[in-house]
Amino acid sequence: MCGIIGATGDHDALEIVLEGLARLEYRGYDSAGVALITEEGIWRERSAHGTTSVAELVKLAESAPAVRRTGIGHTRWATHGHPTAGNAHPHLDCTGHLALVHNGIIENHTELAAALVARGHVLTSETDTEVVAHLIEEEIDGGLGLAEALRAALKAVRGAFSLAAVHRDEPTLIVAARRVSPLVVGLCEDETLLASDIPALLGRTRRVVTLDDDQLAELTPGHLRITTLDGDEVAVVERTVDWDLEAAEKEGYPDFMSKEIREQPHAVADTLLDRQAPDGTLVLDEVRLSDQSLREADKVFIVACGSSYHAAMVAKYAIERWTRLPTEVDIASEFRYRDPVLDERTLAVGVSQSGETVDTIQAMREARRWGAKVLVVSNVVDSSMAREADGVLYTRAGPEVGVAATKTYVAQIVALELVALKLAQLRGTLPPEEISALLGQLQTLPGLLERTLERSDAVDAVAGALHGARDFFFLGRNVGFPVALEGALKLKELSYLRAEGYPGGELKHGPIALIEPGTVVVAVATRNRLSEKMLSNIAEVKSRGATIVVVASDGDDATAAVADHVLWVPEVEPLLSPIIDAVPLQFLAYRLARLAGYDVDRPRNLAKTVTVE
Ligand code: F6R
C-alpha cells in the first residue's frame, strides 16, 4: 500500500518524482524518500514527517545536484518497521550504488536477512524491503547487469511486491517488477515514467502500460521493454487514461468506499501473510508479549469503539470457543468509567483502526493501571496505541480514506482470530490439526471475498426495491449478532436511516412492538448452529408484516423461502462467516446512501478518527 514513482529522461527527474509523490499524498502516508542518479553517484533524501513528508523532501531537495535525469521516489505506509526516516525508502545496498523502492510484503525477509548478514552484508533498516537491495547487489557482484540481477534476485523472494531499482553504473535505466502489487509505466516522447498508481503520472502523461504479475520492465528514456520473470519477451500494450485526478485517486471507482470494499480480499490476504512458520505454528512476531505471559493469561478483555467494537464482539466467540478463556468485550468510553475486573493475568486487547481513538487509548492506559498486559490490534504502524502497548498485531489493510470502516473491519476480525488461534496453540486447547485446518480456512477467505464481491449487482437490485423504507432492524444470532450490529451501523452512518441491530431471540422482549408493514428486517441467517432458531425469529417478524431480507448461505433454499429478498454468500466455517457476511451489508448501506444522493466517503457529522472524548 505504499506509493512508487520513477522517471528517466531529458527532464528533471527530481521535479517529476516530487510532483508524483505529492499527487499520492492524499492517502496519508507516514514517510517519503527519493533517490537520483547524479554525476557523483546515488543521491538520496528521506523524511518521516507523516503527511508533511513530501513537503519536507521538497526542502531537502534544494541541496540536490543540478543534473538529475533518472530517479525513483516512494511514499511509505509502514508494515514492517517503524515509520522513521531510516526505514523510509529508497533503500541502498552495501555499496551505496543501488537504490530500491518497494510496495508489498516480502514474506521470507527474516530468513533472507539472516543469510545475507551471515554472508557479510550490513542491513541498516527494520524493513522487509532492504533484503532485496542486497540480493541484487550479490547478483551484480557476480557480473549481471541491473535487469538480470533483479530477475535473479527475485527467485529467492516470496510474497507480494512491486519494486523499482536504479544503479549508478546504468544511469539511464530503471528496472521494475511486480507480483500482486500494482505497477504502471507512463510513456512520453523523451522520458519514461513508472508509478504504483495512475494519479502519480497524470501531470505528465496519459499513455500508460499496466504491468502484469511476474513481469519485469526496463525503462530507458522514451523506451520500455517488458519480459516475464522467466525472461520471455512480452508485447507492450499501451492505453490512454481519460480520468481526471480525482477519479484517478479512486482508481476509477466513484468513491473511496467502493474502492476500499473491493480491496478487502487484499486486506485479508496481507493480514494473513507471514504468520505461519513452515512447521505450521503461528508466529505473531509483532506481538512482543512472551509466550509465557500469553499462556498465563486467565482472562481476555477486549475494548474498542464503533466498528472495531463489532470486530471485538466476533473475536469473543472465537476466543471462548477455541481457548476456553473467559472473554469480556466492552465499549471503550464505558470501560473507562466503571470498575472493570482485571489484573496482571488479564490480557487486555485494544482494537483500533487508527490507533488514535482517544477513548480506546485511555481504556488501554486504564487496563495497564490494573496491571493487565496490553495487546493492540491497529492498522497504523506506530500509532499512539501501538507505541504504548506491550504488544501489537497490525492489520495490513493499507490506508482507509472513506470514513466508514470496511476493509479495516474485516482485517481486524482476521487479526483477532489469529490471536485466538495463537492462544489456543499456547494453551493446547485445540489439537494442532484443528488449528491447521482453521488456518487453512482463513487462507480461503480472500477467494471467497472475491466471489462475494462479484455479487454486488444482486445487492443493488435489493437496495433498489428497499429505497424509500425508513425503518430497519438487523437481526443475527451468535456471531451473526455483531454482523447485524455492524450492518445497522453502516446503514445509519451512510444513509441516515433508522437501523437497529438486535440478537434474533431478543426482539420479542420489547422491540418487536415496532415491527409493522413497511419495516425492513435484514436477517443474518447464514448456516450456523442457531440457523433453525433464526428461522423462527424471522417467522415472528414476517407474520407482523415486515419485509424480510436474508443473508443466506449458497444453496440454503429453506432460508430463502421465508424471505422477500435474498443476499447469497458463499458458505464458510461459522466463526469466520462475519468476514464474508459483512460484504453484502456494506453494499446495501452503500447503495441505499447513493440512491438517496449522499456522500458515502464523508457522511455528515462524522470524523474518520475520533480524538476527542
Ligand atoms: C464506523 C467507523 C467507526 C470506527 C470507530 C473506531 O464505520 O468507522 O465506528 O470504527 O470510530 O475507530 P478506530 O478503529 O480508529 O478506533
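For clarity, every value in this text was computed on a predicted model and none was experimentally measured.

Asks: Sorry, what's going on with the overall build of the protein here?
Replies: What the protein contains, in helices and strands, is 20 helices and 25 strands. Relative to a compact globule of 613 residues, whose C-alpha radius of gyration would be 25 Å, the protein shows 25 Å and is just as compact. Per-residue burial over the protein gives 60% buried out of 613 residues. Restricting to contacts in the protein with at least 6 residues of sequence separation, those with at least 24 account for 71%. Treating the 60 positive side-chain charges of the protein as one cloud and the 91 negative ones as another, the clouds have centres 5 Å apart.

Asks: Teacher, can you tell me more about the domain arrangement of the protein here?
Replies: Reports often express the size of an interface as the amount of accessible area lost when the parts come together. Segmenting the protein into domains produces domain 1 (3-248), domain 2 (256-443) and domain 3 (453-595). Each of domain 1 and domain 2 was reduced to a C-alpha centroid, and the two centroids are 33 Å apart. Listed per partner, the contact involves 13 residues of domain 1 and 15 residues of domain 2. Here domain 1 and domain 2 share 0 salt bridges between them. If you look at where domain 1 meets domain 2, you find 1 residue pair in polar contact (both at pLDDT 80 or more).

Asks: Help me understand the side chain of Asp556, please; the structure alone is not making it clear to me.
Replies: Within the secondary structure, Asp556 is located in the loop between β24 (547-553) and α19 (557-561). One buried charged side chain, Asp556, makes no salt bridge at all; its nearest oppositely charged neighbour is Arg527, positioned 4.3 Å away. At a separation of 2.7 Å, a polar atom in the side chain of Asp556 contacts the side chain of Thr559. Setting aside chain neighbours within four positions, we find Asp556 in contact with Ala525, Arg527 and Trp568.

Asks: Help me out: how do you make sense of unusual backbone geometry in this one?
Replies: Note on backbone geometry: most residues besides glycine have negative phi, and most peptide bonds are trans. In this structure, Pro90 follows His89 across a cis peptide bond, with omega equal to 0°. Inspection of the secondary structure assignment puts Pro90 in the loop between β4 (70-76) and β5 (91-92). Not every positive phi belongs to a glycine, and Arg324 is a case in point at roughly 60°. By the secondary structure assignment, Arg324 is in the loop between α10 (306-323) and β17 (327-331). According to the relative accessible area criterion, Arg324 is exposed, its value standing at 62%. Despite not being glycine, Tyr496 has its phi angle at roughly 55°, a positive value. As for its placement among the helices and strands, Tyr496 is situated in the loop between α17 (480-495) and β22 (498-503). In this structure Tyr496 comes out as buried when scored by relative accessible area, which is 17%.

Cut-offs and rules
Residues numbered from 1 in each chain as written. Predicted model: local features only at pLDDT ≥ 70, side-chain atom pairs only at ≥ 80, totals over all residues. Heavy atoms only, no water. Helix = DSSP H or I, 4+ residues; strand = E, 2+ residues; numbered from the N terminus. Rg over C-alpha atoms; globule rule 2.2 N^0.38 Å. Buried < 20%, exposed > 50% of the residue type's maximum accessible area, 1.4 Å probe, protein only. Contact = heavy atoms within 4.5 Å. Lys, Arg positive; Asp, Glu negative; His and termini not counted. Charge placed at Lys NZ, Arg CZ, Asp CG, Glu CD. Domains from an automatic or database assignment. Salt bridge = Lys/Arg side-chain N within 4 Å of Asp/Glu carboxyl O. Polar contact = N/O pair within 3.5 Å; in protein donor to acceptor, adjacent residues only side chain to side chain.

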